[in-house]
Every structure is written in C-alpha cells, then in structure tokens.
Amino acid sequence: MREPWSLGGTRMQQQIARTGPGNSSRGNSSSSSSNAAERKHHLYSPRPKREMEFAELIKTPRVDGVVLHRPFLPTVEGTLCLTGHHLILSSRQDNTEELWLLHSNIDAIEKRFVGSLGTIIVKCKDLRIIQLDIPGMEECLNIASSIEALSTLDSVSLMYPFFYRPLFDVIEDGWHLFSPEEAFKDLESMTDEWRLSEVNKDFTVCPSYPSLVTVPKDIDDDTLCKAAAFRHGGRFPVLSYYHKKNGMVMMRAGQPLTGTNGRRCKEDEKLINATLRAGKRGYIIDTRTIAVAQQAKARGGGFEQEANYPQWRRIHKSIERERQRISAFHEFYVQSMVLQESLIKLVEACNDQSNSMDRWLSKLEASNWQSHVKEILTTACLAAQCIDREGASVLVHGTEGTDSTLQVTSLAQIILDPACRTIRGFQALVEREWLQAGHPFQQRCAQSAYSNGKPRSEAPVFLLFLDCVWQILRQFPCSFQFNEHFLITLFEHAYASQFGTFLGNSAAERVKLKLSRKTVSLWSWVNRPQELEHFVNPLYEPNSLVIWPSVAPQSLLLWEGIFLRWNRSTKFLDEAYEEMVHIIEYNKELQNKVNSLRRQLAQLETEDSPLQTP
C-alpha cells in the first residue's frame, strides 16, 4: 500500500517523488481509489488535541477554482485545502490525482496579482517550483499568510512526524536497527583492542555524542573526561572506522583548545597515541587550511602541536578555506554561509533557462559547488590512502567536528569498506557517522536554496556529502547496491519528512523528544521489500576491493538528478534506463538457460560414459 504522496510523470520523477515527503500524486487510474482512501484516512483520522493549535493559523481553509501549474505536467483545476501539515489540491478530473505538499517542504513563496486573480509561487526545499492561480485577492492573501505561518513552525513537537500514523506494517523498527551495541559486536569479531564506554550516558561529557562511544580499551573514563575538556564541544577522539585489512583505524574529534598559549592535555595525547601500533606513526587530517587553523587559536581553538604529538604528522586541507576571508565572523557561521550561498547560486544557474553556453559555464563556476565536491572527495581519498596504502591510523577534525569531519570520515569508509556500498550498510553509515555523531540536521536543513529568511545555521552539508557519494557511484556503477534514487530520497527526507529520523540535532535531543516512541523511522519504511526494490541498482555486483574515485575536474559532473530534474524532461533517459533493465533481466534469463543446458549435457555425458566403456 502506498504512502499518501507520489508524483507521476516520467519514470525517474515518479520514483523520486513517490517517496518524497508531501509531493504531488498522479499515478495510473488503478491506484487512484486506494490512494484516495489513504489520503482520506490521513486527513480525517483522529489526531491529538494539539492539532487544534493550527486552526488559528489557517485563515481560509478551502478555495475552489484554483489552477495548479507543475513542471512537465498539464495544468489542473481543483479545490485547494489547507490542513495543519499539508497543502492539498484535489481535482474532480478523471485520472488526475491530488497534490499533497508538506508545509515543512516549502522554502519560500512569492505573491503576484493581476486584477482580482492572485498567484502564489511555491518554492520547495526539494528545489521544485509550483504555481497556484487563486481567484480572489483576499483568498490569495489569506492562503499565502497561512502557508508562511505553517511552513515556519518553531516547535519540533508540532511537526508532522509526531502526527503521522503509517498505514504499513512495521516489519523492522528502524529506531533499533543500528545501535552502537550492534556496531560494536562487529568490531569485537575483528579485534579486542577497543571497548564501548558509557562515559557519556547522560550526554553531559559531550552533548553532541551518543550515550555510547567506542574508545581504546586501555583508556579509562576519567581520561576521556579530561580529553573532552580539551576538545571543542567536548568532542574527544572516538573510533569512526576499523580497517579489517591491516588493523588501522580512523578517529574523529573536535579541534583541540590550545589557544594562543599553546595549552596541552596529556590525557588527550595518551588517548590518540593509544590507537597507534608499536613503531607506527599516524596522520592528523585537519579539514582547515593552516591559516584558518592559526586564526582559530585566537578564539581559543587551534591544532595539535608537533612537539606534543611527535608520532603524528598533521596535514591541512582546504575544505574550510573560506573562513580566512572573513575572520571577524564566528568560524562556523562563515562556513555555513559560504556553503549556503554556493547552493543558492548553483540553483539559480540551473533555473535560468535563458543562459548562453558561456553564461551557464560562468555561473556554474561562480557557484563553487563543484569545487566543494572536489575538496571533500580529495580529503576523503587522502584519509583512505593513509589507512589502506600507508598502513597508518588517522584522526580527522575541523573546527566543530560535526560537518566537514563527518563528510570526510563517511566518504573514506565508502571508498574502503564494501559493506558501506550496500543499502543496509549505507543506512548504518548515515546513522553512525551523521545522526549518532551529532550532525545538527534540524539546524542545517531548516532552509534550502530559495528561503528569504535570514540565514542562521543552515548549510547543505549532508546534500554535499550525498553529491560526493553520487560522484563515486557514477564512476563505479557496478559497485553499489543502491541507486541514485536512494540518495535523492535521503536528500528529500532530510529537509522534510513524515518520518522522525532527521529531526533534532543530536542523539540527546532525539532522546529528549522521545522520537523512537512518538515517530516512525525512515528505515522502517525503506527496508520493506516492496520499497527496497525501487532502491536496488540493477548493475550491482559485489566488489570487495577498495575503490579509488578520480577527483580530476573532468571526472566530476553536475548532479542532474538533483539540480536539473525539475528543469528538463528525463523522458529519454527513463526510456534508456528501462531498456537497460530489460537487457539485464533478459541476459539473466539466458544465463540461467545456459546453466541449465550445461547441467543437462553433463548428466547425459555421465549416463553415456558406461555404454562407451569396452
């Protein structure tokens, strides 16, 4: 049974938007009645009393004669309704299904008037733009005012995941699939040099870490507490990845608080040295340029001094290079602003249909988006190379350790570990290296590329990571069990969703919000067999090798599946994809027939051999 949102049209757009939160829907006629029944259930099923709080925000709950314009689709006239969480347009036309759009998916709106006819341009966080023509100026103003209020709710507990009731049976509870205990069991099967610490069980040592962290076995909790006091946000070095091939590890942390006086912490030195094998050296990969790291010392931050960490070589990369230009600002604010502006410029370029070739290429370069992709992939490859080829352990950190650090550690694992290239393994990676590791999704994904609001902590950090994954997937199309559609689904749900997975900024906040009890996990839905089939890559062949992506500019392409999907038709690409799937399936059938004939031939030869014996 489908969830109450899907988008028809081309195959790719259908697949992508079918899982997207609150998208328009118009599938085949055979599914229309069931979809309508589900929507009616969602709209009229009992809700907590809190939903009454939305009533005062909805000035005009219903308007007839509204005309909807969407990319690549015919216009639809129908009745527009506003509920506490959805904008709905229902048409009585045959074979035309409704538009269901989550208010939380709305990034910005624009109002235009021609006489008594009002137009609302709705710009979504998934980068789609739709137009609503509404008869009557007052009705248009009321609808616009209500949408603006409902799409900017501050209270997390009023968001749709707390009201959503799934119509599917939860086979696996996604909230309990990827616990630190389960990950540690896998580690225990490979080594006994690590332990699971409860030092952060009440989230007081490090508010952004989970309650359980993996640390060297010989390091006690008192040492961890002292090391935490020396690291930004209490983010002391913890295990990110264990390389089974040679026993080398990757750690992650926040920057050390050395300050201008060169403060040191022997407990911190002891902690990271405990990860080294006898006679081995390690690498500290700082995602900031040396200039930016030097500036951080003036604000109490800094980097590891060689004299205090003689067994470690420090390497500075340029992921966070932009901060040196505006040193007076708070470091993260500047970095987030740079990333957000990069996304805005890129989307503007992609939406400008009047571009000449020179102008398009100029705008694309000016956005610097591809440069960000290149820098992150380059740093991830460096970390992977240190571990796999140099046989050295690695510590990765930037300033806070919740953004560029996680991009690098996650991508390095995709390069090194074939398990992370499976659907289940990638889910575990997102849980472990993003959700449990304290990436502040609630803050970073509050706005997308269209918002007119004053930027606060918004930044497309997770989208940039997914773009990097797509670049590797494109270069190694047979090495990933999941397809592009899976990555796009994660992007959409990170910004707006019926599921609670990406709510909150840390494990501590999710515990406080009681998300595992009050909301449904995205993984509970994704892992249903009937949904998984949409995310499987038909070209997948398990590859146990390390994969080394090219980071040359010629090898990195614009991710059309995200940035151009609403601007041009994918009809011919869809047809080519369907043909490819057909060829693959036909090839499998032929291979099965060949194997069957070979078995029959071998059996006949066995039966004939006694007759040929003299």
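Residues numbered from 1 in each chain as written. Predicted model: local features only at pLDDT ≥ 70, side-chain atom pairs only at ≥ 80, totals over all residues. Heavy atoms only, no water.

One pass over the structure, following the stated rule, counts 25 salt bridges. A salt bridge links Lys363 to Asp352; the shortest N-O distance between them is 2.7 Å. Of this pair, Lys363 sits in helix α9 (residues 357-367) while Asp352 sits in the loop between α8 (331-351) and α9, and the two are 11 residues apart along the sequence. Classification of Asp352 as partly exposed rests on a relative accessible area of 21%. Between Arg456 and Glu458 there is a salt bridge, and its shortest N-O distance comes to 3.7 Å. The exposure class assigned to Arg456 is exposed, which follows from its relative accessible area of 54%. The class of Glu458 is buried, set by a relative accessible area of 3%. Overlapping salt bridges, with partners in common, bring together Glu110, Arg112 and Lys123 in one network. (Salt bridge = Lys/Arg side-chain N within 4 Å of Asp/Glu carboxyl O. Helix = DSSP H or I, 4+ residues; strand = E, 2+ residues; numbered from the N terminus. Buried < 20%, exposed > 50% of the residue type's maximum accessible area, 1.4 Å probe, protein only.)

Our focus in this paragraph is the sheet that holds strand β5 (residues 106-114). Hydrogen bonds along the backbone pair up the strands of a sheet, which may run parallel or antiparallel. One open sheet accounts for 7 strands, arranged β4-β3-β2-β1-β7-β6-β5; its pairing is antiparallel. Bordering the open sheet on either side are β4 (99-102) and β5, each of which pairs with just one other strand. Neighbour-to-neighbour, the strand axes of the sheet open up by a mean angle of 30 degrees, direction not taken into account. Where strand β3 (residues 86-90) and β4 come together, 4 bridges link them in antiparallel fashion. Paired with His86 across the bridge in β4 is Leu102. Across the face of the sheet, helix α3 (residues 137-150) comes into contact with β1 (62-69), β2 (76-82), β3, β5, β6 (117-124) and β7 (129-135) while running at roughly 170 degrees to β5. (Pairing = 2+ DSSP bridges. Axes fitted to C-alpha atoms, helices over the stretch in contact; angles between N-to-C directions. Contact = heavy atoms within 4.5 Å.)

Let's shift gears to the environment of Gln443. Within the secondary structure layout, Gln443 lies in helix α13 (residues 441-444). Sequence separation between Gln443 and Ala459 is 16 residues, and the spatial gap between their C-alpha atoms is 8.2 Å. Non-local contacts of Gln443, meaning those with residues more than four positions away in its chain, are made with Ser457, Glu458 and Asn505.

This paragraph deals with the nonpolar core. Counting 125 residues, the largest nonpolar core has Leu411, Ile414, Phe426, Phe462, Phe465 and Phe563 as the members making the most contacts within it. Non-local contacts of Ile414, meaning those with residues more than four positions away in its chain, are made with Cys420, Arg421, Phe426, Leu429, Phe465, Val469, Ile472, Phe480 and Ile547. By size, the runner-up hydrophobic cluster in this structure holds 16 residues, among which are Leu187, Leu239, Met251 and Cys265. (Core = buried A, V, L, I, M, F, W, Y, C linked by side-chain atoms within 4.5 Å.)

The next point concerns the sheet that holds strand β14 (residues 393-397). Within the open sheet, the 5 strands sit side by side as β10-β11-β14-β12-β13. Their pairing is mixed. Only two strands of the sheet have a single neighbouring strand rather than two, namely β10 (238-242) and β13 (312-316). In this sheet, neighbouring strand axes are inclined to one another by 25 degrees on average, regardless of whether the strands run parallel or antiparallel. When strand β12 (residues 282-286) meets β13, the two strands line up parallel, connected through 5 bridges. Following the sheet pairing, Asp286 is matched in β13 by His316.

With 5 of 5 residues buried, β10 lies mostly within the body of the structure. Sheet analysis places β10 next to strand β11 (residues 249-252), joined by 4 bridges and oriented antiparallel. Directly across from Leu239, in β11, lies its bridge partner Met251. Turn length for the β10-β11 hairpin, with the two strands adjacent in sequence and antiparallel, is 6 residues, and the turn residue Gly247 shows positive phi of about 80 degrees.

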